[in-house]
Amino acid sequence: MAAKAYVLIETQVGKSRDVAAALRALPGVPSADIITGAFDIIALVEAADMVSMADLVTGQVQSIPGVTRTITCVAA
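Residues numbered from 1 in each chain as written. Predicted model: local features only at pLDDT ≥ 70, side-chain atom pairs only at ≥ 80, totals over all residues. Heavy atoms only, no water.

Turning to the side chain of Thr70, a few remarks are in order. By the secondary structure assignment, Thr70 is in strand E4 (residues 67-74). Looking at Thr70, the relative accessible area reads 17%, which means it is buried. Sequence-distant contacts of Thr70, that is, excluding residues within four places in its chain, are made with Val7, Leu8, Ile9, Val61 and Gln62. (Helix = DSSP H or I, 4+ residues; strand = E, 2+ residues; numbered from the N terminus. Buried < 20%, exposed > 50% of the residue type's maximum accessible area, 1.4 Å probe, protein only. Contact = heavy atoms within 4.5 Å.)

Shown next as structure tokens:
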């Protein structure tokens, strides 16, 4: 079953554009937008299943330089 989530991302000051560009280059991230509020970016993440999604978020999204914190909101 396909899995979809929105990832709220906090970045280091001045790094939002770089992080958003890096996110958009990842397979499984169809969109990443800079937003206002408590977080800097919201990204849509899609994967074949929850295990693949966890690998994508923890292995790739969180390792992008400038990412300081993420919250993953899985779509029901």
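Our focus in this paragraph is the pairing of strand E2 (residues 31-34). A regular strand places its side chains on the two faces of the sheet in alternate fashion. The sheet contact formed by E2 and strand E3 (residues 41-47) spans four bridges and is antiparallel. Within the sheet, the bridge partner assigned to Ala32 lies in E3 and is Ala43. The turn joining E2 and E3, which pair antiparallel and follow one another in sequence, is formed by six residues; a positive phi near 115° is taken by Gly37. (Pairing = 2+ DSSP bridges.)

Before going further, it helps to examine the nonpolar core. Residues Ile9, Leu23, Val29, Ile41, Val45 and Met53 are the most contacted members of the largest nonpolar core, which totals 20 residues. Breaking this core down by element, the ones donating at least two residues are strand E1 (3-11), helix H1 (16-24), E3 and helix H2 (50-61). Every residue in contact with Val45, bar those within four places of it in the chain, is listed here: Ala3, Lys4, Ala5, Val7, Gly28, Val29, Met53, Leu56 and Val57. (Core = buried A, V, L, I, M, F, W, Y, C linked by side-chain atoms within 4.5 Å.)

Across the sheet, which stays open at both edges, the four strands sit in the order E2-E3-E1-E4 with antiparallel pairing between neighbours. Every interior strand has two partners, whereas the edge strands, E2 and E4, have only one. Averaged over all adjacent pairs, the angle separating strand axes in this sheet is 20°, with direction ignored. Of the strand pairs in this sheet, E1 and E4 are connected by seven bridges, and their pairing is antiparallel. In the sheet register, Leu8 faces E4, and the bridge partner there is Ile71. Of the strands in this sheet, E1, E2, E3 and E4 touch H1, which is tilted by about 170° from E2. (Axes fitted to C-alpha atoms, helices over the stretch in contact; angles between N-to-C directions.)

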